[in-house]
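If you want the building blocks of each chain, they are given just below.
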Amino acid sequence: MPINKTDQKVNINQRRVINGADADVIQLYPMKHKFAWEAYLAGNANHWLPTEIGMQKDIEQWKSNSVLSEDERKALKTVLGFFTTADSIAANNVALAFYRHITSPECRLYILRQAYEEAIHTHAYQYIVESLGLEEGEIFNMYREVESIYNKDAFVLGFNEGIFDPEFKTGTFENDQKFLENICVFSLIMEGIFFYSSFAVMFGFQRQNKMMGSAEQIQYIMRDESQHLNFGINLINTIKEEQPELWTADFQAHIIDLIKQAVVLEYTFAREVFPNGIFGMNSDNFKQYIEHIADRRLERVGLPAQYNVVNPFPWMSEAVDLSKEKNFFETRVTEYQVGGTLEW
Ligand code: FE
């Protein structure tokens, strides 16, 4: 292809999250979607690796007969079973849908970082399983054997259909809405709802000084996932500005409906895998907690809260401060520059 020098300057007004110009190269400037660059820098500052976290105490506690109850052992294995597939499904969507169809160079740069973080998370689960000597087949195959995990995975996987088709292209109203639906499902539901009862369980261990290494791994993962959620929310809100015609009343009602379905799937999962409750959290608490965070996700993309319930796990707020996610990262991010410590 002969060089055409008159085409060399990239017009910032043609930069779009989807359907923009110049997606064939990652030409960062003129930079339009600064939130993506900031997310990329924050991701680098938050860099961590599973093997940096000591697991010796966890190994002793897991081997001891007097530290963990049967319910606690089952809970740890079940949340690992969920996490292993969830992160790989998220990784596939990031690499095979987001990267392919998002045209903003700075967004694509962050997506490369996000994909690597999903790989680190899968590594963390493998490292916990290996350290504790758990049976790999039991944990990694759980999504086929535990119905409430399967149902959550099947729900999100349905939104890959069509999008993963090599013929799929954005650029029509119908396809743009379909891709926006994919972003909403993977960001608001997968990253923003489906991890959270399992996060709460891992914080439960931590609050009891049990399995602290495993819990610390999950805490790092939660920090990354909060950033993925924030990025996804920024993608959605930017597409709403760039292509407002996509955000119809019907589409908004559809997204609210999907979130309500996801809330039921998530608290059904919590109820089925922790039938006796755990660490003082019972099934009503989980339901209310999931409803509370679903409202926060809805509000962040300009949709009305549906549940209006108080947070029954205020200590989760202290840890991830869900009502102030944006502010949290803006104000605290410099503290992560020092590297491998987990100072929130
Ligand atoms: Fe993620």
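Structural data are supplied above this passage.
Structural notes, computed from the coordinates. On a predicted model such as this, the values are computed, not experimentally measured, just so you know.

### Some thoughts on the pattern of salt bridges
Phase 1 of the analysis: Summed over the entire model, instances satisfying the criterion amount to 9 salt bridges.
Phase 2 of the analysis: Here Lys152 ties to Glu266 by a salt bridge, and the two come within 2.5 Å at their closest N and O atoms. Here the residue Lys152 occupies a position in helix 7 (residues 147-157), and Glu266 occupies one in helix 11 (residues 249-273), the gap between them amounting to 114 residues.
Phase 3 of the analysis: Residue class for Lys152 comes out buried when judged on its relative accessible area of 0%.
Phase 4 of the analysis: On the basis of relative accessibility, which here comes to 0%, the residue Glu266 falls in the buried class.
Phase 5 of the analysis: Arg296 is the salt-bridge partner of Glu299, the closest N and O atoms lying 3.1 Å from each other. Taken together, the residues Glu299 and Arg296, both in helix 12 (residues 283-300) and 3 residues apart, mark about one turn of the helix.
Phase 6 of the analysis: Accessibility expressed as a relative area gives 40% for Glu299, which makes it partly exposed.
Phase 7 of the analysis: Residue Arg296 is classed as buried on the basis of its relative accessible area, which comes to 16%.

### What about the coordination of the iron ion?
Phase 1 of the analysis: Taken together, Glu118 (OE), Glu191 (OE), Glu191 (OE), Glu225 (OE) and His228 (ND1) make up the protein donors of the iron ion, found 2.0 to 2.7 Å from the metal.
Phase 2 of the analysis: The sequence pattern formed by the donor residues of the iron ion is E-x72-E-x33-E-x2-H. Here the residue Glu118 occupies a position in helix 4 (residues 105-132), and Glu225 occupies one in helix 10 (residues 212-242), the gap between them amounting to 107 residues.
Phase 3 of the analysis: Glu118 gets classed as buried once you look at its relative accessible area, which sits at 0%.

### Focus on unusual backbone geometry
Phase 1 of the analysis: In this model, Tyr29 is joined to Pro30 through a cis peptide bond whose omega is 5°.
Phase 2 of the analysis: Take Pro30: it is sitting in the segment before helix 1 (34-45).
Phase 3 of the analysis: At Met211, a residue that is not glycine, the phi angle is positive and equals roughly 50°.
Phase 4 of the analysis: With respect to the element layout, Met211 can be found in the loop between helix 9 (196-207) and helix 10.
Phase 5 of the analysis: Given the relative accessible area of 0%, Met211 is considered buried.
Phase 6 of the analysis: Its identity as a non-glycine residue notwithstanding, Asn308 has a phi of 50°, on the positive side.
Phase 7 of the analysis: With respect to the helices and strands, Asn308 occurs in the loop between helix 12 and helix 13 (314-320).

### What about the nonpolar core?
Phase 1 of the analysis: The biggest cluster of nonpolar side chains holds 102 residues, and the ones touching the most others in it are Phe194 and Met316.
Phase 2 of the analysis: Ranked by residues supplied to this core, first place goes to helix 11 with 12 residues.
Phase 3 of the analysis: Setting aside chain neighbours within four positions, we find Phe194 in contact with Phe82, Lys152, Phe155, Val156, Ile189, Ala262, Leu265 and Glu266.

Rules used in this analysis
- Residue numbers restart at each chain and count upward from 1, following the sequence in its written direction.
- Per-residue local features are limited, in this predicted model, to residues with pLDDT of at least 70; the limit for side-chain atom pairs, both in listing and counting, is 80 or more; totals at the level of whole chains, interfaces and linings are taken over all residues.
- For the side-chain quantities, the full set of heavy atoms in the structure was used; hydrogens and water were omitted.
- The rule for a salt bridge is simple: a side-chain nitrogen of Lys or Arg has to be within 4 Å of a carboxyl oxygen of Asp or Glu.
- Only DSSP runs of H or I reaching four residues or more are called helices, and only runs of E reaching two or more are called strands; each is numbered from the N terminus.
- Buried residues are those whose accessible area, probed at 1.4 Å on protein chains only, stays under 20% of the maximum for their type, while exposed residues exceed 50% and partly exposed ones sit between those limits.
- Excluding water, the donors of a metal are its N, O and S neighbours within 2.8 Å, or within 3.2 Å for Na, K and Ca, and that exclusion means sites may look incomplete.
- To qualify as a nonpolar core, a set must consist of buried Ala, Val, Leu, Ile, Met, Phe, Trp, Tyr and Cys residues joined through side-chain atoms within 4.5 Å.
- In what follows, a contact means two residues having at least one pair of non-hydrogen atoms within 4.5 Å.

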